[in-house]
Every structure is written in C-alpha cells, then in structure tokens.
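In case you want the letters, here they are:
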Amino acid sequence: MGRATLTPETLAYGVMARERAMLSRAITLTESTLSTHRELAQTTLQQLLPRTGKAMRVGISGVPGVGKSTFIEALGLSLIEKGHRVAVLAIDPSSQRTGGSILGDKTRMAALSINDNAYIRPSPTSGHLGGVARVTRESLLLCEAAGYDVILVETVGVGQSETVVSEMVDCYLVLMLPGAGDELQGIKKGVLELADIIAVNKADGDTVKDAEQAKAAYQRALSIIQQSGSWKPVTMTCSAVTGDGLETLWQTVRDHRRQLIDTGELVERREQQRVRWMWSMVDHSVLASLRNNADLHALIKQTELSVRQQKTTPPQAANELVSAWAAAL
Ligand code: GDP
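A few points on the structure. (Residues numbered from 1 in each chain as written. Predicted model: local features only at pLDDT ≥ 70, side-chain atom pairs only at ≥ 80, totals over all residues. Heavy atoms only, no water.)

## What about the site of the ligand?
Residues in contact with the ligand amount to 15 residues; listed here are only the nearest, G65, K68, T70, R108 and D204. Contacts to the ligand include G67, whose backbone N or O atom sits 3.0 Å from an oxygen atom. Note that an oxygen atom of the ligand is positioned 3.3 Å from one of the side-chain N or O atoms of S239. For the ligand, the accessible surface in isolation is 580 Å², of which the surrounding protein chains cover 68%. (Near = heavy atom within 4 Å. Polar contact = N/O pair within 3.5 Å; in protein donor to acceptor, adjacent residues only side chain to side chain. Areas by Shrake-Rupley, 256 points an atom, 1.4 Å probe, with all protein chains shown as cover.)

Structure below.
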C-alpha cells in the first residue's frame, strides 16, 4: 500500500493489529515536519486513545557509559521471558546539536532489537527538546496501542532531558556509576529530586565495594531531599553484565507502581502530566504564532534593538510585543 492511500483507519488498525511496520509509519508521521502528516498522526492517535494507558512507563537515565543500553538489553530480555512486550524509546538532545545520537542506536541492543516482542525506536533528531518530547509522548501512546505493556524511555543527562522524561513516565530510574566521591559532586541536584529509584550499576568484580559505597552516599544525599509524593526513593546496586540485582530492581519498580495505584497517585500523576503536556503545546504554538507572524517581523526586530540599547525595558518590550500580536490575531 502506498503512502498516498494511508488513512487514519488503516494506520490505527495496523497499529492495533501489532504490525510493526504500521507502528513505525505512525511514529514517522508524528515526527514529520509536514503538518498534513502530523494531522494524520493526530487523527490516528485520537482513534487509538482508548487503547492507551495500560503500560508500565519507566524512565531510565544516566551519563554515557553508565551502562544504559547493556542494562536495557538485559532487563528487556528478562521481561520478555516473563511474557511482557517491551518498547524502548529514546530522548537524546545531543543528537540535535551534533547530528549523531548517543542513544537509541539499534546496534547498542543487538539481541533485544531482533526480538519479536521488543520494539526499539531511536531518538527523534529534529527540532528542539519540546518537539522531541511531543514526538516521544505520542510514540509512547502508539506503542501502548500496539500492545507493548512495558515502555522504557531512555535519556542521557543532557540539559533538561531528565525533567522531560520524568514528565512522561510513572517511575523514574537513574543509573549511576560506582565511585562515590567525585560522582556525587557532579550530579545535578534536580536529578535526585526526580528519581524514584537510584541504581548504582557495574556492581561486579572489583567494583562491588565502590558500588556499595556509592549507594550509601546516594542514600544519604536522598535523605535530605524533600520528596513530593508518598514514595521514598530507593537506592540499590546492580550489574547489567551479570544480571545481579535486576530482579530486585524490577520488583521495586512493581512495588512503586503498586503504591502509586493504592494511594491514587498514579491516576493523579498521569492527569497532571496530560494537562502539563497540553500547556506545553499551547506555550509552543502561541510562541511560534508570535515569532513567525510576518506582520510583526519588523516590530520584533525593532523591539529587540530597543532592548539591546536599553531604550525599553525587557518587561515593557514584552508587553508591547504581546499586545501587538494579540491585536494582529
Ligand atoms: P551507555 O552509554 O549508558 O548506553 O552504556 P553501555 O551500555 O554502552 O556500556 C558502556 C560500557 O560499560 C560497555 O563497555 C559495557 O560493556 C560496560 N558495562 C555496562 N554495564 C556494565 C556492568 O554492569 N558491569 C560492567 N563491568 N560493565 C558494564
């Protein structure tokens, strides 16, 4: 079937029928820069909405080299053995700047990527982080509609990517390297606030002791951080290579989920995420409508100049631009 004949119905049907090619097509349409493609994807998604929401959505982040792909491959294969279907999505802000991606490369997870019950999608490369987040959120829903019941969203700790991922998952797991001292100093405090689970990876061979020390240090660091929900973040060690600790880790993810369901926090968390997603789309399109308005182009240039030269204060200039934009609507 050619692309010209694609309708939302055929796409939705293909996704529901778990046709991998249809899922990939639907995701490609959400990534497209053409608004007709994105509209087609939106209509498809709207039809699939009742089929979404059932998966365990887990975010996984960590610096390059911490072992994310080794970890996801090991965890993913063990989940598939338990009967799950696993989708892996990536958010990699570095790929926009360099054109090369640290994440989502299929060759990183060789065994998982050829497994029939796994679906791996690399990071979208175009656009700003907000655009990447939109695509990943929509992809996540499409994967749910295609029957994936565990969705792993992977990110590397660049910029705001951790916040973006934590905004779309139920449970946020941060992988750390052993070697407490230096490591702990480099870590962004914000990440500790977001983490539901901190796992020190590479706890094998000679590094077991270092990993235990790092775990204790993170535990101390977490104890002085105010958490918003009822869940107290858990620290642990694991080895993606030997598989040690992976079972306990997954059990913790399940415990976390159970607790969130029992307290009503899961429903609340997802509701809030959806509303924030809506507002971030509004922010983005309102801003685009202002910045891309051809009639305002000259005024924008002139106002920027006035602000540079301190002829107008930035707040005053902002007021003028917004008023001019509203009047031009
Ligand atoms: P990523 O950049 O976070 O995806 O990290 P990779 O999964 O590519 O791993 C980086 C390196 O660390 C590779 O050489 C892995 O073999 C190694 N590695 C990953 N996990 C472990 C682990 O649990 N133990 C040990 N010893 N090495 C690991």
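## Looking at the layout of surface pockets
Put simply, the largest pocket is a space of about 670 Å³. Broken down by secondary-structure element, the contributors of at least two residues to the lining of the largest pocket are α3 (35-48), α7 (129-145), α8 (161-166) and α13 (265-291). Ranked by residue count, the leading element in the lining of the largest pocket is α7, at 8 residues. Looking at the lining of the largest pocket residue by residue, the classes come out as 8 nonpolar, 13 polar and 8 charged. (1 Å grid on protein atoms, 1.4 Å probe; cavity = no way out; pocket = protein on both sides within 12 Å on 5 of 7 lines; lining within 4 Å. Points joined across faces, edges and corners; volume = space filled by probe spheres on them. Helix = DSSP H or I, 4+ residues; strand = E, 2+ residues; numbered from the N terminus. Nonpolar A, V, L, I, M, F, W, Y, C, P; charged D, E, K, R; others polar.)

## Focus on the packing of helix α12 (residues 246-263) against α13
Two elements in contact, α12 and α13, have axes whose closest approach is 5 Å; the angle formed by their N-to-C orientations is 90°. Between α12 and α13, the angle is such that the two are roughly perpendicular. Contacts from H256, R257, Q259, L260, I261 and T263 of α12 reach α13 at E265, L266, R269 and R270. Within the contact of α12 with α13, the residues separate by chemical class into 3 nonpolar, 3 polar and 4 charged. (Axes fitted to C-alpha atoms, helices over the stretch in contact; angles between N-to-C directions. Parallel < 35°, antiparallel > 145°, perpendicular 65-115°, else oblique. Contact = heavy atoms within 4.5 Å.)

## Concerning the pattern of salt bridges
Side chains carrying opposite charge are able to pair once their charged atoms draw close together. Using the criterion set out here, one finds 9 salt bridges in the structure. Note that E247 is salt-bridged to K82, the shortest N-O span being 3.2 Å. Note that E247 is positioned in helix α12 and K82 in the loop between α4 (68-81) and β2 (86-91), a separation of 165 residues in sequence. The salt bridge partner of R270 is D170, with a shortest N-O separation of 2.7 Å. A residue pair is termed long-range when its members are at least 10 positions apart, and R270 in helix α13 and D170 in the loop between α8 and β5 (171-176) qualify at 100 residues. Of the residues examined, R270 reaches a relative accessible area of 9% and is grouped as buried. One salt-bridge network, in which partners are shared between bridges, spans D170, R257 and R270. (Salt bridge = Lys/Arg side-chain N within 4 Å of Asp/Glu carboxyl O. Buried < 20%, exposed > 50% of the residue type's maximum accessible area, 1.4 Å probe, protein only.)

## Considering the packing of aromatic side chains
On inspection of all chains with the given rule, the structure shows 1 aromatic pair. Ring geometry for Y119 against Y148: centres 6.0 Å apart, planes inclined by 40°, an arrangement best described as tilted. Placement of the pair is Y119 in strand β3 (residues 118-121) and Y148 in the loop between α7 and β4 (150-155), with a sequence separation of 29 residues. Classification of Y148 as buried rests on a relative accessible area of 5%. Of note, R85 hangs over the ring of Y148, and the distance from its end group to the ring centre comes to 4.3 Å. (Phe/Tyr/Trp six-rings, centres within 6.5 Å; stacked < 30°, edge-to-face > 60°. Lys NZ or Arg CZ within 6 Å of the ring centre and 35° of its normal.)

## Considerations on the pairing of β3
Of the two faces of β3, the one holding A118 and I120 and the one holding Y119 and R121 are both buried throughout. Here 4 bridges tie β2 to β3, and the two strands are oriented parallel to one another. Along β3, the bridge assignment pairs A87 with Y119. (Pairing = 2+ DSSP bridges.)

## Section: α4
Between its terminal C-alpha atoms α4 stretches 20 Å, which fits the 20 Å expected from 14 residues at 1.5 Å a residue. Here α4 has its buried residues at K68, S69, F71, I72, E73, L75, G76, L79 and I80. Of the residues trailing α4, G83 is marked for its positive phi of about 105°. (Expected span 1.5 Å × (residues − 1).)

## Observations regarding empty space enclosed by the protein
According to the stated counting rule, one finds 1 cavity of 30 Å³ or more in the structure shown. A volume near 40 Å³ is recorded for the largest cavity. Residue lining of the largest cavity: I27, E31, L89, A90, R121, P122, P124, V135, T136 and S139, and that is the complete set. Every element with two or more residues in the lining of the largest cavity is listed here: α2 (20-31), β2 and α7.

## Observations concerning the sheet that holds strand β6 (residues 197-200)
Ordered in space as β3-β2-β4-β1-β5-β6-β7, the 7 strands form an open sheet in which the pairing is parallel. Because the sheet does not close on itself, it has two edges, and the strands there are β3 and β7 (234-237). Adjacent strand axes in the sheet meet at a mean angle of 20°, parallel and antiparallel pairs treated alike. Two strands pair when backbone bridges link them, and strand β1 (residues 56-61) and β4 are joined in this way by 6 bridges, in the parallel orientation. Bridge pairing links M56 to V150 in β4.

## Quick word on the side chain of S32
As for its position among the elements, S32 is in the loop between α2 and α3. Polar side-chain contacts of S32 include one of 2.8 Å to the side chain of H37. For S32, the contacting residues outside a window of four places in its chain are H37 and R38.

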